Each structure stands twice: as C-alpha cells, then as structure tokens.
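This is what each chain is made of:
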Amino acid sequence: MDRRGDHCRRVVVLAEATRRRRRRWILSEESKPVESFGAFVERFELAPSPQPPPPAARLALAGLTFAVISRSRDTSPVREPGLAEDARAGHPDGCGGRGPSEAGATCVGRTVMDELAFGFTGQNLHYGMPVNPDLPSLIPGGSCSGAAVAVAAELVDFALGADTVGGVRVPASFCGIFSFRPSHGFVSSIGVLANSQSLDAIGWLARDPSILRDIGYVLLQECPVRLRQTKQFIFADDCFQLLRAPKQKTMHVISNAIETLSGYQPAKHMNIGQYIASNVAGLKEFSEPSTKMQQGLSALQALSKVMGLLQRYEFKSNHEDWINTVKPRISIDMSPHILAAVNSMHDNIKSLYSVRTELRAALNSLLKDAGILVIPTTVDLPWKRNSKQKISPEFEDRLYTLLSIAGVSGCCQATIPLGKHDEHRISISFIAAHGADKFLLDTILDIYASIKEQINMASNSVLAPDNNMDMDASELLKEKGNTAFKGKQWNKAVTYYTEAIKLNDTSATYYCNRAAAYLELGCLQQAEADCNQAILLDKKNVKAYLRRGTAREMLLYYKEALQDFRHALALEPQNKAALAAEKRLQKLIR
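Since the model is a prediction, treat every value here as computed from it, not as a measurement.

Focus on the overall build of the chain
Turning to step 1, where the next piece is worked out: Each helix and strand counted, the chain has 20 helices and 11 strands in total.
Turning to step 2, where the next piece is worked out: Put simply, the chain has 590 residues, and 58% of those count as buried.
Turning to step 3, where the next piece is worked out: Residue pairs in contact within the chain that sit at least 24 positions apart in sequence constitute 74% of those at least 6 positions apart.
Turning to step 4, where the next piece is worked out: A total accessible area of about 25,600 Å² is found for the chain, and carbon and sulfur atoms account for 51% of it.

Focus on the UniProt feature "repeat: TPR" (unreviewed entry) in the chain
Turning to step 1, where the next piece is worked out: Under the feature "repeat: TPR" (unreviewed entry), the UniProt entry names residues 474-507 and 542-575.
Turning to step 2, where the next piece is worked out: With 79% helix and 0% strand, residues 474-507 has its two end C-alpha atoms placed 10 Å apart.
Turning to step 3, where the next piece is worked out: Here residues 542-575 runs as 79% helix and 0% strand, with 9 Å between its end C-alpha atoms.

Some details on helix 18 (residues 542-554)
Every α-helical turn comprises 3.6 residues, leaving residues that sit three or four positions apart pointing alike.
Turning to step 1, where the next piece is worked out: In this model, helix 18 (13 residues) spans 19 Å end to end at C-alpha, consistent with the 18 Å of a helix rising 1.5 Å per residue.
Turning to step 2, where the next piece is worked out: Of all 13 residues in helix 18, 11 are buried, a share of seventy percent or more.
Turning to step 3, where the next piece is worked out: All of the buried residues along helix 18 are Val542, Ala544, Tyr545, Leu546, Arg547, Arg548, Gly549, Ala551, Arg552, Glu553 and Met554.
Turning to step 4, where the next piece is worked out: Residues of helix 18 that are buried in the fold lie against helix 9 (295-326), helix 16 (508-521), helix 17 (524-537), helix 19 (558-571) and helix 20 (576-588).
Turning to step 5, where the next piece is worked out: Its side-chain oxygen at 3.3 Å from the backbone nitrogen of Lys543, Asn541 defines the N-terminal cap of helix 18.
Turning to step 6, where the next piece is worked out: Looking one or two residues beyond helix 18, the residue adopting positive phi is Leu556, at roughly 70°.

Description of unusual backbone geometry
Turning to step 1, where the next piece is worked out: Each neighbour pair has its own omega, and for Pro54 with Pro55 the value is 10°, a cis peptide bond.
Turning to step 2, where the next piece is worked out: Mapped onto the elements of the fold, Pro55 is located in the loop between strand 1 (40-46) and strand 2 (65-69).
Turning to step 3, where the next piece is worked out: Residue Ser143 follows Gly142 across a cis peptide bond; omega there is 15°.
Turning to step 4, where the next piece is worked out: Note on placement: Ser143 falls in the loop between strand 3 (106-111) and helix 3 (145-152).
Turning to step 5, where the next piece is worked out: In the Ramachandran plot, Lys368 falls in the positive-phi region, its phi being about 50° despite a non-glycine side chain.
Turning to step 6, where the next piece is worked out: Tracing the backbone through its elements, the reader meets Lys368 in the loop between helix 11 (349-367) and strand 9 (371-376).

Comments concerning the packing of aromatic side chains
Turning to step 1, where the next piece is worked out: All chains considered together, the criterion is met by 11 aromatic pairs.
Turning to step 2, where the next piece is worked out: With a centroid separation of 4.7 Å and an interplanar angle of 85°, the aromatic rings of Phe118 and Phe315 are classed as edge-to-face. Taken together, the residues span a long stretch of sequence, with Phe118 in the loop between strand 3 and helix 3 and Phe315 in helix 9 at a distance of 197 residues.
Turning to step 3, where the next piece is worked out: A relative accessible area of 10% places Phe118 in the buried class.
Turning to step 4, where the next piece is worked out: Using a relative accessible area of 1% as the deciding quantity, one classes Phe315 as buried.
Turning to step 5, where the next piece is worked out: Aromatic rings pair up to connect Phe120, Trp383, Phe395 and Tyr400 into one cluster.

Quick look at the environment of Leu477
Turning to step 1, where the next piece is worked out: Tracing the backbone through its elements, the reader meets Leu477 in helix 14 (residues 471-486).
Turning to step 2, where the next piece is worked out: Classification of Leu477 by relative accessible area gives buried; the value is 17%.
Turning to step 3, where the next piece is worked out: Here the alpha-carbon distance between Leu477 and Tyr497, two residues 20 residues apart in the chain, equals 6.5 Å.
Turning to step 4, where the next piece is worked out: Setting aside residues no more than four positions away along its own chain, Leu477 makes contact with Tyr496, Glu499, Ala500 and Leu503.

Brief notes about helix 7 (residues 251-259)
Turning to step 1, where the next piece is worked out: Along helix 7, the positions that sit buried rather than exposed are Met251, Val253, Ile254, Ser255, Ala257 and Ile258.
Turning to step 2, where the next piece is worked out: As for helix 7, its buried residues are in contact with strand 7 (232-236), helix 6 (237-240), strand 8 (268-270), strand 10 (412-421), strand 11 (424-432) and helix 13 (437-460).

Here we look at the pairing of strand 3
Turning to step 1, where the next piece is worked out: In terms of burial, strand 3 is a largely internal element, six of the six residues being buried.
Turning to step 2, where the next piece is worked out: When strand 1 meets strand 3, the two strands line up antiparallel, connected through four bridges. When the sheet's bridge partners are listed, Arg43 is paired in strand 3 with Gly109.

Section: the packing of helix 5 (residues 209-219) against helix 13
Turning to step 1, where the next piece is worked out: Packing of helix 5 against helix 13 leaves a shortest axis separation of 9 Å and a crossing angle of 165°. It follows that helix 5 is roughly antiparallel to helix 13 by the angle criterion. As for how helix 5 packs across helix 13, the hand of that crossing is left-handed. Residues Pro209, Ser210, Leu212, Arg213, Gly216 and Tyr217 of helix 5 lie in contact with helix 13, whose contacting residues are Lys438, Leu441, Asp442, Ile444, Leu445 and Tyr448.
Turning to step 2, where the next piece is worked out: Its residues placed into classes, the contact of helix 5 with helix 13 shows seven nonpolar, two polar and three charged.

Some words on the sheet that holds strand 11
Turning to step 1, where the next piece is worked out: Taking strand neighbours across the sheet as the criterion, the 11 strands line up as 1-3-2-4-6-5-10-11-9-7-8 in an open arrangement whose pairing is mixed. Since the sheet does not close on itself, it has two edges, and those belong to strand 1 and strand 8, each with one partner. Direction aside, the axes of adjacent strands within the sheet are offset by 25° on average.
Turning to step 2, where the next piece is worked out: Judged from the four bridges that link them, strand 7 and strand 9 form a sheet pairing that is parallel.

So, the environment of Ala60
Turning to step 1, where the next piece is worked out: Within the element layout of this structure, Ala60 appears in the loop between strand 1 and strand 2.
Turning to step 2, where the next piece is worked out: The partly exposed category is assigned to Ala60, whose relative accessible area is 45%.
Turning to step 3, where the next piece is worked out: In the structure, Ala60 is positioned 40 residues away from Pro100 in sequence and 8.8 Å away in space, judged by C-alpha atoms.
Turning to step 4, where the next piece is worked out: Excluding anything up to four places from it in sequence, Ala60 contacts Ala103, Asp214 and Val218.

Regarding the packing of helix 17 against helix 18
Turning to step 1, where the next piece is worked out: For the pair helix 17 and helix 18, the least separation of the axes is 9 Å and the interaxial angle reads 150°. By the angle between their directions, the pair helix 17 and helix 18 is classed as roughly antiparallel. Judged by the sense of rotation from one axis to the other, the crossing of helix 17 with helix 18 is left-handed. Along the contact surface, helix 17 presents Leu524, Ala527, Glu528, Cys531, Asn532, Ala534 and Ile535, while helix 18 presents Ala544, Tyr545, Arg547, Arg548, Ala551, Arg552 and Met554.
Turning to step 2, where the next piece is worked out: Its residues assigned to classes, the contact of helix 17 with helix 18 comprises nine nonpolar, one polar and four charged.

Rules behind the numbers
Residues numbered from 1 in each chain as written. Predicted model: local features only at pLDDT ≥ 70, side-chain atom pairs only at ≥ 80, totals over all residues. Heavy atoms only, no water. Helix = DSSP H or I, 4+ residues; strand = E, 2+ residues; numbered from the N terminus. Buried < 20%, exposed > 50% of the residue type's maximum accessible area, 1.4 Å probe, protein only. Contact = heavy atoms within 4.5 Å. Areas by Shrake-Rupley, 256 points an atom, 1.4 Å probe, with all protein chains shown as cover. UniProt positions renumbered as here; feature names shortened; annotations may be inferred. Expected span 1.5 Å × (residues − 1). Polar contact = N/O pair within 3.5 Å; in protein donor to acceptor, adjacent residues only side chain to side chain. Phe/Tyr/Trp six-rings, centres within 6.5 Å; stacked < 30°, edge-to-face > 60°. Pairing = 2+ DSSP bridges. Axes fitted to C-alpha atoms, helices over the stretch in contact; angles between N-to-C directions. Parallel < 35°, antiparallel > 145°, perpendicular 65-115°, else oblique. Left-handed = near helix turned anticlockwise from the far one by under 90°. Nonpolar A, V, L, I, M, F, W, Y, C, P; charged D, E, K, R; others polar.

See below:
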C-alpha cells in the first residue's frame, strides 16, 4: 500500500507530535457499560495532561470525559494493525492549539458517524445506527450520530465532531443537546481528512452550556473576546415558516427570555431570505425565476444549491481517485449522494466562492459585533428509526435551506435545545458574525437559565378558544378587511379578518380571505392553517385549495401542494392558476 492509501484510512484528525506520556486502555467486554446505545466504534482511555502543581490554576476541562468521531475513508470495520494506534492517539489534540486532553479532559473512545460524513440520519452500513437515548423510535441524526448519542446518554461530558453541512448541528437537534459550529477557519483543520474544506468545521456537543463555553475557550485560542455590550436578537421570520412547531415553543421562548434580562435590546424581526437576495448578487446565477413574494425563499433555496455544489466539487477533488480505486462498500442510502458528487461536472466554480464571500460580508454587516440571528436548527422530523420510507427530496431541500446560512457564510452557529413537541425534539439556533464565537458562547451561558424557565412555561400553557358570535358585525369586519386587502394594506386586512373570525368562526370565507393576506405577508404557516380550517368548513372551497397549495409550494412541500392544486382542478377543471401550478410542480418533484 502506498503512503497515500495508508493516509486515506486514518481518522479525520491525525496525530500531532507526541510530547507527553500517553496511556491507553482498550476496554474488555466485561468492563463495557451495560448500555452504550451503539454510540462507539471503539472504547479506550487516553489520559490527559497532568494537573500542574499549586498555585497553578486547575486545567479548564479537568475531570471531564469526551469522545471523538471516527471519520475516515476506511468504511470497513476491520482495519490494518498499527492504524488504530495512530487513530486514537492523534484525534483528541489534532484540533490545533491546546486540545481537550491538554486542558485536562480524558478521551474515552471513538464514535460512529455516517459513512464519509455524507448523511444526516446517523446510519452506518458497518457499525449500524446509534440509538437516540430519549426517543429510541426516532433517528439520532447525523453525520456525527454517535457523538450526539454519547453526550445525550451521559456516557461522556462532551464530544468533538465535524460539521460540513450539518454533521454536528443536526444530531444535536434530534437528540436534544447543545452544539457549536465555530467560525470557519478558527479551529485548525491541519491533519483533517477533508470532506469539503470550504465548509468543514470542527465542532463540539455538550449537555451543559457552561461546558459548551469552556470547550470553546480551549479550542478558540485565536478568537478575540468581545467587549460587553447590549445584545440584539434578530428573528428570521421566513425561516420559522419552515418549522411546524408552534411559536409559543420556539420564537416566544427566546423573546420572553430576553425581556426578563438586562443588556438586551428589544428583538427585531426580518425576512432573512429577502435580505440575502438583496445583498448577495452572485446568488442570481443559481436562483430559479420567482415572483417578488417568493424572492426571499428563492434566495435561500439558491444558497442551499450553492452549498451542495460546493460540497460536491471539493469532495470530488479530495476523494474521486480513492473511491474509483478502492471502490468501498457504501450503504444504499449514501451511495447515490457520493456517486453524484464523484460524477458531477462544474463550470461555475468561481461563482460558488464569490457567493461564499458575499454572504459572509452581508451577514457580518447585518450582525456586526452584537447581533444574533435566530433560526430553527432543523425542520420538524418525527422520522421513524426503522421506517422503510425514504426521506423525501422536499425534506432535504427544507433542511439544507436552514443549514446553508452558517454553512456557506462560515459564521458561527450554536444549537439550543427547547424541549419537545408532538413527541420529537425541537431546537433553535443562534448565528453570530464570523469571529464572534466567544461572544456567542458567553451569550448562551448568560441567557439559558431564563430560556429554560420559558420552556417550562410554554409546555404548561394552553390557548383559550374564542366562541363569541355576531353575524352582522362579522360581515362588516370582513368587508373592511377586503377593502384593506385591495389597498395592499395586508396587516390591516389580517386584523379585520381576525376580528371577524372572533365573532363568527364558522365562515370558511373569513379564513380563506385571511389566508390570502397572510400569503402576501409571507406568513406561510398561518396561511396554510387558515386554509385547513376553510376546507374543514367547506370542502368545495376552490380558493382555499389554491391558497393552501401556494403556501405549501413556498414551504417546499411539493407533493402536498400538487395534491391541493389537483383538488382545485377536480372542482374547476379549467382553472388556469391550478393548471399552471400542476405543470410547474410536476417538474420539481423528482
């Protein structure tokens, strides 16, 4: 085997020069814990640096245990003798600067991840899928599935992982723990077996925000500490339209937490897609034609496309020769993605890198020193562990739309767990400017106790229904709403229709009209919900099907949208809007 082939089999972080005495202990079968949830490829113990004698300060991570990922090109569970030694010894401190072991933490094993870091379910053909500790019937998420499971199951205090297009953020979200993807380039990737070097970041996962921060202060030696200043949270309302969990359990939790603390400005709300469309000119090359109302979503979809193309291009450059030579055994789910990358053709590479540069500048300009963008980490995914149903391209589109903002820009992003909804985990993410990592970690530690209080309050709250009735007054309010709508006063129209619904909640027209106003405002979930109610009240309401189809198409639920437009055609076979939408969606559904 040549030196290149040997290198290809090593894990993501190779050994830096060994200057201290190391002790390794491979656990015997008898000493393994009763339940490891399938998180580990290998268990061992790597002793940390010794604690310096007094009066020196205690090492920052003393007494903590951690795990590292097992990311290598070696997709076989059987490795050659000698490689295991290098793999284990090098991983913990290959992150550059002071590694966790030098800061006092004990490494206890290597964890499972998706093959070649190319998935987000957590499945590995050779090692299986780790078990989500809290929700064992659901997938743990990937690619760093074992790392997230080991932390969530309290097998370790924290874990290191690699995040290219969500490898740390997705499993943290699905397993209900914290994660941090640092600013691109701030944690050294020297010795890293790259997936896509423009997107790769060494991240970490923890159950406790204080440990999350401590790890950051160890690894982010070159990152400056920002001066204390008033913080500004900015909610990306358009991104929250992709999340079906109620706002009381997501946006309201954060906004209410801010109100209880000093040092925070009132939260802002914005359409981040429209901001990106206006400030990242290079995205136009990758955008589909869209109406003004769809411009923001189209920009986010284009950004997701750029992330995918960039990953394919760099993955192919890094691994094409090895894949074609070795022909590794890869799972059925991963094979299409990897083959698509290896077989891809790229003519606009410079444009991809231009978008990356423009996006980072745009977000840095928006967030400056004290801004924090709030988005959902992932879209809702109550995905069953043993489901035979394949994850749809529509779902992947929605997921990557959220992951691409920090992924392409290289800005730092933290995942914050917010409890459960409908028997699955929900989380949100905070994104700060490139290089503001310590500022973001400090903010999370400062605010999380208040967030936790709000999570408990949201879990116990129940909305009271309105049941007042007044037919004449409700019709008058509806007409006022129609007048406001014609005058393009969308918010005022919503207010009038809402008052009409309070007086008469049995009118499909009121709900359908409010849905039209919500669509103009870009409030897609509200529009969909109103159409659901309108159809429940009147199953032959063509406008409700058309408007729900429009909302669902903009939310990237293409199959459901197509069904709505076909319902409309069943009621009105010559409806031009429905015919055009059916033709358009048939091309989008792959």
